[in-house]
Amino acid sequence: MGKNAKVDDHKISMEKIVSLCKRRGFVFQSSEIYGGQNGAWDYGPLGIELKNNISRAWWKEMTQMHDNIVGLDASILMHPRTWEASGHVENFTDPLVDCKKCKSRFRADHLEAENLEKKECPDCGGELTDTRKFNLMFKTNIGPTDDNSSVIYLRPETAQGIYVNYKNIVQSSRMKIPFGIAQIGKAFRNEIVTKNFIFRTCEFEQMEMQFFVKPGDDEKWFEQWKKERWAFYEKYGIRMNKLRWHQHGPDELAHYAKDAYDIEYEFPMGFKELEGVHNRTDFDLGRHTEYSGKDLQYIDQENGNQKYIPYIVETSAGLTRNLLAFLCDAYDEEKVGDKGNADDWRTVLRFHPNIAPTMVAVLPLMKKDGLAELAKEIQAELREEFTTSYDQSGAIGKRYRRQDEVGTPFCVTVDYDSKEDDSVTLRFRDSMEQVRIPRKELISRIREEIKNYKRV
Ligand code: GAP
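First, a word on scope: everything that follows refers to the structure included in this document. (Residues numbered from 1 in each chain as written. Predicted model: local features only at pLDDT ≥ 70, side-chain atom pairs only at ≥ 80, totals over all residues. Heavy atoms only, no water.)

**Some details on the overall build of the protein**
This is how the line gets drawn: Numbering of helices and strands runs from the N terminus; a helix is a DSSP stretch of H or I covering at least four residues, while a strand is a stretch of E covering at least two. The buried label applies to any residue whose accessible area, calculated with a 1.4 Å probe on protein chains only, is under 20% of its type's maximum; exposed applies above 50%, and partly exposed to all values in between. Pairs of residues are marked as contacts when any of their non-hydrogen atoms sit within 4.5 Å. Note on areas: Shrake-Rupley with a 1.4 Å probe; residue coverage comes only from the protein chains shown. Charge counting treats Lys and Arg as positive and Asp and Glu as negative, with His and both chain ends excluded. In this description, the location of a charge corresponds to atom NZ of lysine, CZ of arginine, CG of aspartate or CD of glutamate.
If you tally the helices and strands in the protein, you get 14 helices and 23 strands. Seen through its C-alpha atoms, the protein measures out along the principal axes to roughly 75 × 65 × 45 Å. A burial count over the protein gives 51% of its 456 residues as buried. Counted over contacts in the protein with a minimum sequence separation of 6, partners at least 24 positions apart contribute 66%. Total accessible area computed for the protein in this model is approximately 22100 Å², and 47% of it derives from carbon and sulfur atoms. For the protein, the separation between the mean place of its 68 positive charges and that of its 75 negative charges on side chains is 2 Å.

**Comments concerning the packing of aromatic side chains**
Selection rule: When the centres of two rings from Phe, Tyr and Trp lie within 6.5 Å, Trp using its six-membered ring, the rings pair. Their planes under 30 degrees apart give stacked, over 60 give edge-to-face, and anything left gives tilted. Definition used: whenever NZ (Lys) or CZ (Arg) falls within 6 Å of the ring centre and also within 35 degrees of the ring normal, the charge is taken to sit over that ring.
Considering all chains together, one arrives at 15 aromatic pairs under this definition. Between the aromatic rings of Phe 199 and Phe 267, the centroid separation amounts to 5.3 Å while the plane-to-plane angle is 75°, which identifies the pairing as edge-to-face. Highlighted residues: Phe 199 in the loop between strand S9 (179–188) and strand S10 (203–213) and Phe 267 in strand S12 (residues 259–267), separated in sequence by 68 residues. Of the two residues, Phe 199 and Phe 267, both sit in the buried class. By the ring-pair criterion, three or more aromatic residues cluster together here, those being Phe 222, Trp 230, Trp 245 and Tyr 261. Taking NZ or CZ as reference, Arg 105 lies 5.9 Å from the ring centre of Phe 134, over its face.

**Re the state of the cysteines**
Filter applied, for reference: In this description, the term disulfide denotes a pair of cysteine sulfurs within 2.5 Å.
By the definition in use, this model includes zero disulfides. Cysteine Cys 124 remains unbridged, with the sulfur of Cys 99 as its closest cysteine sulfur at 3.6 Å.

**Here's the deal with the nonpolar core**
What counts is decided by this rule: Nonpolar core, defined: a set of buried Ala, Val, Leu, Ile, Met, Phe, Trp, Tyr and Cys residues in which side-chain atoms within 4.5 Å join the residues together.
Core analysis: the largest hydrophobic core is formed by 54 residues, its most contacted members being Ile 17, Phe 26, Trp 225, Leu 324, Leu 327 and Phe 351. For this core, the leading source of residues is helix H10 (residues 319–330), giving eight residues. Discounting residues that sit within four places of it in the chain, Phe 351 has contacts with Leu 50, Phe 326, Leu 327, Ala 330, Ala 356, Pro 357, Val 406, Gly 407, Arg 429 and Tyr 453. Counting 19 residues, the second largest nonpolar core, distinct from the first, contains Ala 74, Met 175, Ile 177 and Phe 179.

**Comments concerning H10**
To keep things clear, this is the line we draw: To estimate how far a helix should extend, the number of its residues minus one is multiplied by 1.5 Å.
Compared with the 16 Å implied by 1.5 Å per residue over twelve residues, the 16 Å span of H10 between its first and last C-alpha is a close match. Counted residue by residue, H10 has twelve buried out of twelve residues, so it is predominantly covered.

**Concerning the site of the ligand**
The test is simple: Definition of nearness: a residue and a molecule or strand are near each other if at least one heavy atom of the residue lies within 4 Å of the molecule or strand. For the purposes of these results, a polar contact is taken to be a pair of N or O atoms within 3.5 Å, where, inside protein, one atom must be able to donate a hydrogen and its partner to accept one; residues adjacent in sequence count only when each atom of the pair is a side-chain atom.
Neighbouring the ligand are 20 residues, the closest being Glu 157, Glu 191, Glu 208, Glu 273 and Glu 314. Separating an oxygen atom of the ligand from a backbone N or O atom of Leu 274 is a distance of 2.9 Å. In this structure, an oxygen atom belonging to the ligand sits 3.0 Å away from a main-chain N or O atom of Gly 318. Here the ligand loses 93% of its free accessible area of 560 Å² to cover by the protein chains. Elements with a contribution of two residues or more to the shell around the ligand: S10, strand S13 (270–281) and strand S16 (311–318). Per element, the largest residue contribution to the shell around the ligand is five residues, and it comes from S13.

**Re unusual backbone geometry**
Each neighbour pair has its own omega, and for Ile 177 with Pro 178 the value is 5°, a cis peptide bond. Topologically, Pro 178 is positioned in the loop between helix H7 (166–173) and S9. With phi around 55°, Asp 369 is a residue other than glycine that occupies positive phi space. Within the fold, Asp 369 resides in the loop between strand S19 (360–364) and helix H11 (371–382).

**Comments concerning a nonpolar patch on the surface**
The cut-off we apply is this: Note on patches: the residues involved have over 30% relative accessible area and no salt bridge, like charges join within 9 Å, and the nonpolar side chains Val, Leu, Ile, Met, Phe, Trp and Tyr join within 5 Å. Basic side-chain nitrogens of Lys or Arg form a salt bridge, by our definition, when they fall within 4 Å of a carboxyl oxygen of Asp or Glu.
Together, Leu 365, Met 366 and Tyr 416 give the surface a local cluster of nonpolar side chains, amounting to about 240 Å² of exposed area. Checked against the element boundaries, Tyr 416 lands in helix H13 (residues 416–421). For Tyr 416, a relative accessible area of 34% corresponds to the partly exposed category.

**Describing the sheet that holds strand S4 (residues 93–98)**
Cut-off, in case you're wondering: Two strands pair under a simple rule: DSSP has to find at least two bridges between them. Orientation is described by axes fitted as lines to C-alpha atoms, over the contacting stretch for helices, and by angles from 0 to 180 degrees between their N-to-C directions.
Judged by pairing direction, the sheet is antiparallel, and its three strands sit side by side in the order S5-S4-S6 without closing on themselves. Each edge of the sheet is formed by a strand with only one pairing partner; in this case those strands are strand S5 (105–107) and strand S6 (132–135). With strand direction ignored, the average angle separating the axes of adjacent strands in the sheet is 50°. Sheet analysis places S4 next to S5, joined by three bridges and oriented antiparallel.

Here it is as C-alpha cells:
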C-alpha cells in the first residue's frame, strides 16, 4: 500500500471508535468506577463540544434559517394524561421474551423465527417464556406517596411537549400556519437491548421539529421536509454514499403515522435509522383535544376564519445518535509514511470545521525564547471567533497527530521566523499541507477555509 492509502471502510469497527472516544475524552461509560450503568453514557470534554456543535448546527438550520419556525424547551416531566392521549401508555411497547435458564432477555421481533417457534434461547438453548408486551416508558412517582395516583413518566420523546404547548405558541408568538416548533432535549426509553455503544441507549437526546400545516397540504410539506433533512447531512459533511432512505412498511408504521421515512446511515454494524420524517396527520392534536377537553383547533384568519385541527409533519433526529454517525463518518486511518513502523499511519477525524470540537490548535515550535508567549497572544486573538486549544509539549509532528486524532481542522504553528516577520504556518488536517501567511491574515484565511470546506 502506498503513501496516503486509506483503511478499508469495513475495517472501521465500533471497537476502534469506542476506544478513541475513551482515550481522547469524547464518551465515557456512565458510573464506570461502579462497573458502569447499562444504556447510559457520559460526554467528556471533547464529546460535549461535538454534541453542542451538532445541536447548534441543527438549531441554526431549523430556526435561524426559517422565519416560520420557533423554539421551545418543555419539561421532561409532563401530566400523565399526556401519555394516555399520545397512545404511549397503550402502544409504546416492545415484544419481550426471557430465557428461564440463563435469564437473558430478547426482543421477540429480533429473534430468528426458529428460536421463537421452538421457544429456544439462542444463547444457551434454555426454554423461553411466552412473548409479552413491555412498555418502554420509565415510570416513577412524584411526591411523597407511591401509589397509582402519583405515577409520572420520563418522556420517551420530546414531541409531546410541543403539542401541549401548540396553542400557547400560536397565541403568544402569533404564528400562522404553516409554521414549526423546534426542540432539543433528553428522552428516556427502557430499551430491552442496548448495544452498539451510544446507538441505542436508555437516556438520549432528540432534536425534533413539528411542522403544523393545513390538512391536505401535509403530503407536499412531507416531501419538502424530507429534502431539507437530507440536505442537512450533506451540508455538514456526511458522505452521501453512507446515507439512504427507508420507507416504513405497514407493519413498521407507528400508531400515529400515515407515512414515515427514515434517513439511515451506514454504521459499522450496517445501515440503521438516524432520523425519521413522519406524517402524523391530526392524530396528536386530535387526541389531546379529546383527552384535555380543550379546543385545539386553529382559526385560519386568512381563510375566512375556517377552523381545523392542523396536520403535523415531524422531523425527529437523535442528537446522540447523530454524534455517533458524525464520529463514524469522520473516522479515517491513513498511511502517510514508509518507515515500516506505527508512525506510518495516522488516525484522523475528518469533521466538517463547524462540527469539530476544536477548530484551531495553536502550537509554539518551542516553549522557550518567547515563542510560547507569542503563541498565547495569537490564541487570544483567535478564540473570540473560533474554539481553540493550545499545545506546547512534544515534537511538532506528534502534536499534529494528536490534533488529527480529535479532528482539529487547522493548526497554527509559531516559530522563530514568526518573531521576525509576524508570519505563522497554517497546517490543514485533511491534506496535511502547510502555508506560510502573515499573522494579520490568519482570521480571514481560516474563515474562508471554513466557508469553502469540502470533505475529501
Ligand atoms: N417523536 C418521534 C420519535 O420519537 P423515533 O423514531 O422513536 O420517533 C426518533 O425516534 C429518533 O430518536 C430516532 O431516529 C433515533 O435517532 C433517536 N432514538 C430513538 N430511540 C433511541 C434510543 N434508544 N437511543 C438513542 N437514540 C434514539
